[in-house]
Amino acid sequence: MRHSICLLLFVALLACKNQKIQESTSFPSWTPYDESEEITANAEHPTERMRYKLIQSKILNRNAINAVIKPQLAGFSSVDYEALKPLILEQDIPRLQAHIQAGKLSYEHLVQWYLYRILTFENDRHKTLHSIISINPNAVAQARKCDTQRSASQHPIYGMPILLKDNINTEAMPTTAGAHALLHNQTSDAFITKRIKAKGGIILGKANLSEWAYFFCRGCPVGYSAVGGQTLNPYGRKIFESGGSSSGSGATMAANYAVAAVGTETSGSILSPSSMNSVVGLKPTIGLLSRTGIVPISSSLDTPGPMTRNTTDNAILLSAMLGEDVADTSTLEHSIADDSYWKNLKKGTLEGLRLGVNKAFLEEPIYAKAIQQLQELGAETIEFEAGKMNFEGFLSFLNADMKVDLPNYLAQHANQDIPFQNVADIVAHNLKDTLVRMPYGQMLFEGIVAEDISAEGFAALKARFHKDARDFFETPMQAQQLDAVLSINNWNAGHAAMAKYPCLTVPMGYKDSGEPIGLTFIARAFEEAKLLQMGYAFEQATKAR
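As the structure is a prediction and not an experimental result, all values here were calculated from the model. Throughout, residues of each chain are indexed from 1 in the direction in which the sequence is written. At least 70 in pLDDT is required for a residue's local features to be given in this predicted model, at least 80 for side-chain atom pairs to be given and counted, and no such filter applies to totals for whole chains, interfaces and linings, which use all residues. Side-chain measures were taken over the full set of non-hydrogen atoms in the model, leaving aside hydrogen atoms and water.

**A few points about the overall build of the protein chain**
The helix and strand inventory of the protein chain stands at 21 helices and 13 strands. As defined in this context, the radius of gyration uses C-alpha atoms, and a globule is described by 2.2 Å times the residue total to the power 0.38. In terms of overall size, the protein chain behaves like a compact globule, its C-alpha atoms giving a radius of gyration of 23 Å where 545 residues would be expected to give roughly 24 Å. Taken over the C-alpha atoms alone, the protein chain extends approximately 90 × 60 × 50 Å along its principal axes. The cut-offs for exposure are 20% and 50% of the maximum accessible area for each residue type, with area from a 1.4 Å probe on protein chains only; residues under the lower value are buried, those over the upper are exposed, and the others partly exposed. Burial analysis of the protein chain (545 residues in total) assigns 60% to the buried set. Pairs of residues are marked as contacts when any of their non-hydrogen atoms sit within 4.5 Å. Within the protein chain, residue pairs in contact and separated by at least 24 positions form 76% of the contacts whose partners lie at least 6 positions apart. Here Asp and Glu are counted as negative and Lys and Arg as positive; His is not counted, and neither are the chain ends. Throughout, a charge is located at the NZ atom of Lys, the CZ atom of Arg, the CG atom of Asp or the CD atom of Glu. Averaging the coordinates of the 50 positive side-chain charges in the protein chain and doing the same for the 55 negative ones gives two points 6 Å apart. Strands are runs of DSSP state E lasting at least 2 residues, helices are runs of H or I lasting at least 4, and numbering of each runs from the N terminus.

**As for the sheet that holds strand β2 (residues 161–165)**
Here we have 11 strands laid out as an open sheet, ordered β1-β3-β2-β6-β8-β7-β12-β13-β11-β9-β10, and mixed in their pairing. One side of each edge strand has no neighbouring strand; the edge strands of this open sheet are β1 (132–135) and β10 (380–384). For this sheet, the mean angle separating the axes of adjacent strands, direction not counted, is 30 degrees. Where strand β7 (residues 280–283) meets strand β8 (residues 303–308), two bridges bridge the pair, whose relative direction is antiparallel. Pairing of V280 across the sheet is with T308, part of β8. Whether two strands pair comes down to DSSP finding at least two bridges between them. Axis angles are defined between N-to-C directions and span 0 to 180 degrees, where every axis is a line fitted to C-alpha atoms and, for a helix, only to the segment in contact.

**Quick look at helix α14 (residues 365–376)**
An ideal rise of 1.5 Å per residue puts 16 Å on 12 residues; α14 measures up with 17 Å between its terminal C-alpha atoms. Turning to α14, its buried residues are I366, Y367, A370, I371 and L374. Each buried residue of α14 sits inside an arc of 145 degrees when the element is viewed along its axis, so together they form one side. Exposed side chains of α14 directed beyond 90 degrees from the buried face belong to P365, K369 and E376. Those residues of α14 that are buried lie in contact with β9 (354–358), β10, β11 (484–488), β12 (503–510), β13 (516–522) and α21 (528–542). Between the side-chain oxygen of the N-cap and the backbone nitrogen of I366 there are 3.0 Å, and the N-cap of α14 in question is E364. Following α14 by one or two positions, G378 adopts a phi angle in the positive range, close to 100 degrees. A helix is expected to reach a length of 1.5 Å times the quantity of its residues less one. Arc, as used here, means the arc of the directions from the helix axis to the C-beta atoms. Within 3.5 Å is the distance limit for a polar contact, defined as a pair of N or O atoms, with the added protein rule that one can donate a hydrogen and the other accept it, and that residues adjacent in sequence qualify only through two side-chain atoms.

**Regarding the pairing of β7**
Side chains V280 and L282 project from β7 onto one buried face, and the interleaved G281 and K283 project onto a second face that is buried too. Relative to β12, β7 runs antiparallel, the two being bridged by three bridges. Bridged to L282 within β12 is L504.

**As for the state of the cysteines**
Each disulfide consists of a covalent bond between the sulfur atoms of two cysteine residues. Two cysteine sulfur atoms make up a disulfide if the distance between them is within 2.5 Å. For the structure shown, the criterion picks out one disulfide. The disulfide bridge from C217 ends at C220, spanning 2.0 Å between sulfur atoms. Disulfide C217-C220: torsion about the S-S bond near 85 degrees, hence right-handed. For C217, a relative accessible area of 9% gives the class buried.

**Some remarks on the packing of aromatic side chains**
Centre distance within 6.5 Å is the pairing criterion for rings of Phe, Tyr and Trp, where only the six-membered ring of Trp is used; planes under 30 degrees apart are then read as stacked, over 60 as edge-to-face, and the remainder as tilted. According to the stated counting rule, one finds 21 aromatic pairs in the structure shown. A centroid spacing of 4.9 Å and a plane angle of 15 degrees characterise the contact between Y81 and W113, whose relative ring orientation is stacked. With Y81 in helix α4 (residues 78–88) and W113 in helix α6 (residues 107–122), this pair connects stretches of sequence that are 32 residues apart. By relative accessible area, which is 0% here, W113 ends up buried. Put simply, the rings of F76, Y81, W113, Y114 and Y116 pair up and form one aromatic cluster.

**A word on the environment of K347**
The topology assignment puts K347 in the loop between α13 (340–343) and β9. When its relative accessible area of 63% is taken as the criterion, K347 is described as exposed. The sequence separation of K347 and R95 amounts to 252 residues, and the corresponding C-alpha distance is 19 Å.

**Quick notes on the confidence of the model for the protein chain**
The pLDDT value expresses, per residue, how confident the predictor is, ranging between 0 and 100. With 94% of its residues at a pLDDT of 70 or more, the protein chain shows a mean pLDDT of 94. Scored below 50 in pLDDT, residues 1–25 shows 14 contacts in the model against residues more than four places distant or in partner chains.

**Considerations on the nonpolar core**
Of all hydrophobic cores here, the largest spans 162 residues; its most connected members are M160, W212 and F445. Of all the elements, α6 adds the most residues to this core, at nine residues. Leave out the neighbours within four places in its chain, and W212 touches A177, A179, L182, V295, I297, M402, L406, I426 and F445. What we call a nonpolar core is a set of buried Ala, Val, Leu, Ile, Met, Phe, Trp, Tyr and Cys residues that are connected through their side-chain atoms within 4.5 Å.

Below you can see the structure in the form of structure tokens.
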């Protein structure tokens, strides 16, 4: 009798195990669908660039991504997913690490939970955000290794699954910049990728983006790339813009597809999608983080930066990416290992700070309410009238930089089998199949090819923009002795880019339509610690997200 009971228990356990394996590998395949009704429905959208020509990628094989995910979910079921949800969903890194230290969670299950979530939502045509371009086939194996090598001295990024915008090199997956021309661009790791991995962070996959970081077509939808298709905003699919160009990084954070994501910005490409997806985005000072191994627009203005659901995770990811890079001289003597970004967050206070308020922005009621909240938290807010800045020539400035910087990337950091040497080569490549490779045209790339500004003209523009942008902020900051200037979303992104001042956007609420909106703190160069403390204090007091 006892043997019969044992046999029955064994059979039951085996059946349960087989059910879990079967369930984890029986997800429906992705089937491309007729999207004509969706396109027609959006044809009258009040925002012209949201009148899409297409939503699904004509290049990306979704089932190839599924084939990478499914083997990594062996033994992980919907029961596991639901049981772990309270431990993972919307939890910050310190809480996740605490759950792991307490034995309630493992790094392996953490990675599997996010992969299960991606597979579930991205394979549902009514819920997909078109936000993932590729998945690391070794993510779960790396997580298992993290489980066996834990130590008390590890950086908090250890074992955390991170998504990279798909213009950041990583050896595990191609770096496409969303473009057909770089579809097979298998590379070595970018400098910041190496830094994350050196501290035990796991690169989970690559996020969709506005193709070529939204410096490709004019008037086209943000979040669209030929490789990834149209990134959609989880707060309103096809209703609200996803923001660009780090669109997938923002959407995946809002949707809880990973612990954190990395975006890149030239002028607004972290701030915009972070604000539009109600997440925290930091555009660092140029020189704080390396750009080596990142597909560029402008070596003068480009920077990577962390995009997360809270300021704590933002500070942790920022610290994980720091480091001087001899190949990017902008970081020399600027980027140092600094754990204070996350260790000192709770010391942050708004009490006694002097914050500049742009009078013109007070017409936005959510901004006005945020100013009142800051006052209640002890900050002194000082209204000012913003000066005017002449951005004439900005496009020529970017053209001139990319005309040099993209060929440099192709020569030094792209796969050696990529046949293109310059922008003109890529323009010609796209013309061979315009419907697939450039459905919205490539007007900005054509402008780069045609750009003929002289070296002297470029230098003069760069000097004027930098001086005028610094004056834009320094005039009120010096006159009123301000600690920071308060903006909305990416509204002052161009000014901050040219001034090389850091910006942190934090969720401050939602419009009546449900569209997210962010409060953006702007401070002087290399004052990221101050920004993060301000953002943390505001976030903890308002809980706007």
